[in-house]
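Chain by chain, the residues run as shown.
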Amino acid sequence: MASREVVHYETPITKALRWFSVAFIIVYLIWTLLPILVMFASSFKDLLEAFKIPAVGDWAGIGVFFEFTPTLKHYNDLFANLNFSSYILNSLVAAGGSAVISVVLGSMAAYSLSRISFKGKNDLFFWIISTRMAPAVAVMVPLYSIFRSLDLVGTLPGLILAYTTFNLPFAIWILKGFFDNVPYAIEEAQMVDGATRPQALMAILPLVAPGIGAFIVLCILFAWNDFLFAAIIGSGGAKTLPVATRELVQPQNIQWGSIMAAGVVTTVPMMLLGLVIRKYLVTGLTMGAVKE
Amino acid sequence: MAKVSFRSVWKKYGELAAVKDLNIECADGTFLSILGPSGCGKSSTMRMIAGLEHISAGDILFDDQRINDMAPRDRDVAMVFENYALYPHKTVFENMANPLKLRGQSTDRIRERVNAAANLLEIGQLLRRRPQELSGGQKQRVAIGRAIVREPKLFLFDEPIAHLDAKLRAHMRGEIKHMQRTLGTTMIYVTHDQLEAMSMADLIAVMHDGELQQLGTPREVYNQPVNAWVAGFVGEPAMNFLTCEVQARRDDVLLTHSNFALPLLPQQVQRLNGHAAGPVRMGVRPDGLSITMRKPSEPVITGEIFVNELLGGDMIVDVQLADARIRVKTAPEFEGVPGEACYVTVNREKWHAFDVENGRAFF
Ligand SMILES: Nc1ncnc2c1ncn2[C@@H]1O[C@H](COP(=O)(O)OP(=O)(O)OP(=O)(O)O)[C@@H](O)[C@H]1O
Ligand SMILES: [Mg+2]
């Protein structure tokens, strides 16, 4: 197996490209991070201070941005008056629940699709992924009508089910790739060594664990950030953070301070999650790419 | 320990029959080698015994118990896989400990067994590494180690030392043979290397195109091949084949070729069994021939030296006949030079005749 020490050979072109990529990354970071920075800062500012902006071209005036007395009143407002703690809980349950269900069912289906050959397997596999080809809006109306007749609208189980409908095909598709990359010979060796079939499957799980971990995060992200399903299926009883935040925009009164704080509350958990599993996320998403 | 029997075993992959009507009886404690060229169905046979491949037809029995429908773990075999099949996320130690762990052995016993196997295989210093940090030959030894930590009913070794260097291979041949002798465990050992089969096995099953050609001791397979294919596959350097005519002359029966006409021995005439005239394929191994530069008195084959190859203690001389070339084994002191005329005598005890059509051996 090749070692990880890549040999570099520098030419003028690669040098120029390297400078270009550094410049590109700097611009890109400013572009993506600035709004988040503004959000964070504004959530701790009084409204008056938040809207203080220097005149165009007045670079020296940029200091205004950092001149404020930090206040937690927006956060206070969110949790004391606007009931955000229950929305956070809704978001957590909906995202976590659908992610766990998708990954458990998805890995079982993916394992079978990867290991067993049967008639019509390719068609089945294509059908599974084709359910993700229609945009979500297209199925929204029938889905709503089905959910309403089942009394699932406005409930957490309903929302979990809706997210699972969308995450599961994706899970099967991605996880099958991970299982395909684990040679079946490893399970055969396990079985000859004295393992039962389920034990053999458990023995290869460490090999697909990074992939599964990474995929759980993708599922959580999808559900956590979703607005469409949450607004329509979850409306009322199962309000999640994005919907609750949207409701802070009222016709006469846009509550900027609370919106910024809600933005922070929504973003931070996902950032922490990303940090915690960063290592796995990277190995997980690239593992499928290399066949040895 | 077990007796292994194959009763008309077939393996079909769709249309392709990889193993055809295999019948073998392998007594308890036997070292059986399955020998054949690439793609002849050796691994398929092994995988059927291990329970990794469905048996398309026929039965495999361990001690007269049919095992067709038994799960691999219940068959109590230990296998060395052709492709190693090591666990990539486990260290060498954990790889070798796995079969013991799955069977609930104590930690002390596991350590003791693994260390013993590692010492035997000279991989003691590698126990902490993972498979991707090993060379091919090291991986192969770990795979052997994983099989021999346990004392199973049956060992299945699928080309276990094909990736070792020549010296280590010779060493491992001895170690494996010795281990099998000491434990007395039945062993089925797949190889495409006839030297390996010859030197290790009690019994050799020669396979070709999914069919069992011959089942016999190494001596039988070497000295009495049942057909031209086995004769040509077993033995290095390979047997010489010449198409000859059988001709009756007065009280003799002669084998004639454009270069020679030699009488058959009486018992060989008997074995021809009615095939009194017509073409046969004559086969004789290089060590059944001898070569001289001076014409001897007995009947000889005349030819011209094509090339000499010195192989350490032996010399192989290629001799050009009118329409064929044969190889002769001789002593390294042989002084012939390419281009010179030479005389080859045949040890008629050691020659064979095969049917031209179906290759079956007359003698
Ligand atoms: N899973 C499979 N599906 C279809 N055909 C197969 C399969 N496995 C093996 N074969 C075919 O069966 C025949 C025998 O294969 P097998 O692996 O038993 O050969 P082998 O004797 O072990 O060869 P080698 O010495 O190269 O390992 C080959 O023609 C091979 O192409
Ligand atoms: Mg093979």
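Calculation rules
- Residues numbered from 1 in each chain as written.
- Chains lettered and ligands numbered in written order.
- Predicted model: local features only at pLDDT ≥ 70, side-chain atom pairs only at ≥ 80, totals over all residues.
- Heavy atoms only, no water.
- UniProt positions renumbered as here; feature names shortened; annotations may be inferred.
- Near = heavy atom within 4 Å.
- Polar contact = N/O pair within 3.5 Å; in protein donor to acceptor, adjacent residues only side chain to side chain.
- Areas by Shrake-Rupley, 256 points an atom, 1.4 Å probe, with all protein chains shown as cover.
- Helix = DSSP H or I, 4+ residues; strand = E, 2+ residues; numbered from the N terminus.
- Expected span 1.5 Å × (residues − 1).
- Bend = angle between axes of the 7 residues up to and from the residue.

In the nomenclature of an unreviewed UniProt entry, chain B corresponds to ABC transporter ATP-binding protein from the organism Dongia sedimenti. The Sequence similarities (unreviewed entry) field of the UniProt record for chain B holds the comment "Belongs to the ABC transporter superfamily."

As recorded in an unreviewed UniProt entry, chain A goes by the name Carbohydrate ABC transporter permease, listed as coming from Dongia sedimenti. Regarding chain A, the UniProt comment filed under Subcellular location (unreviewed entry) reads as follows: "Cell membrane". What UniProt states about chain A under its Sequence similarities (unreviewed entry) heading is, verbatim, "Belongs to the binding-protein-dependent transport system permease family."

> A description of the site of ligand 1 should follow, citing residues and the corresponding values.
Residues and elements named next belong to chain B. Contacts to ligand 1 come from Tyr13, Leu16, Ala18, Ser38, Gly39, Cys40, Gly41, Lys42, Ser43, Ser44, Glu82 and Glu159. One nitrogen or oxygen atom from the side chain of Tyr13 is found 3.5 Å from a nitrogen atom belonging to ligand 1. Interatomic distance of 2.4 Å between a side-chain N/O atom of Glu82 and an oxygen atom of ligand 1. Its free accessible area being 640 Å², ligand 1 has 60% of it covered by the protein chains.

> Could you give an account of helix 7 (residues 156-180) of chain A, naming the residues involved and the relevant values?
All names here are of chain A. For helix 7, spanning 25 residues, the distance from its first C-alpha to its last is 34 Å, which sits close to the expected 36 Å at 1.5 Å a residue. Along helix 7, the helix axis deviates most sharply at Asn167, where the bend reaches about 35°; the proline Pro169 sits within four residues downstream. Of the residues flanking the start of helix 7, the one acting as N-cap is Thr155, its side-chain oxygen 3.1 Å from the backbone nitrogen of Gly158.

> Quick one: what's the story with the UniProt feature "domain: ABC transporter" (unreviewed entry) in chain B, residue by residue and with numbers?
In this numbering, the UniProt entry assigns the feature "domain: ABC transporter" (unreviewed entry) to residues 4-234 of chain B. Along residues 4-234 of chain B one finds 39% helix and 26% strand; the C-alpha atoms at either end are 24 Å apart.

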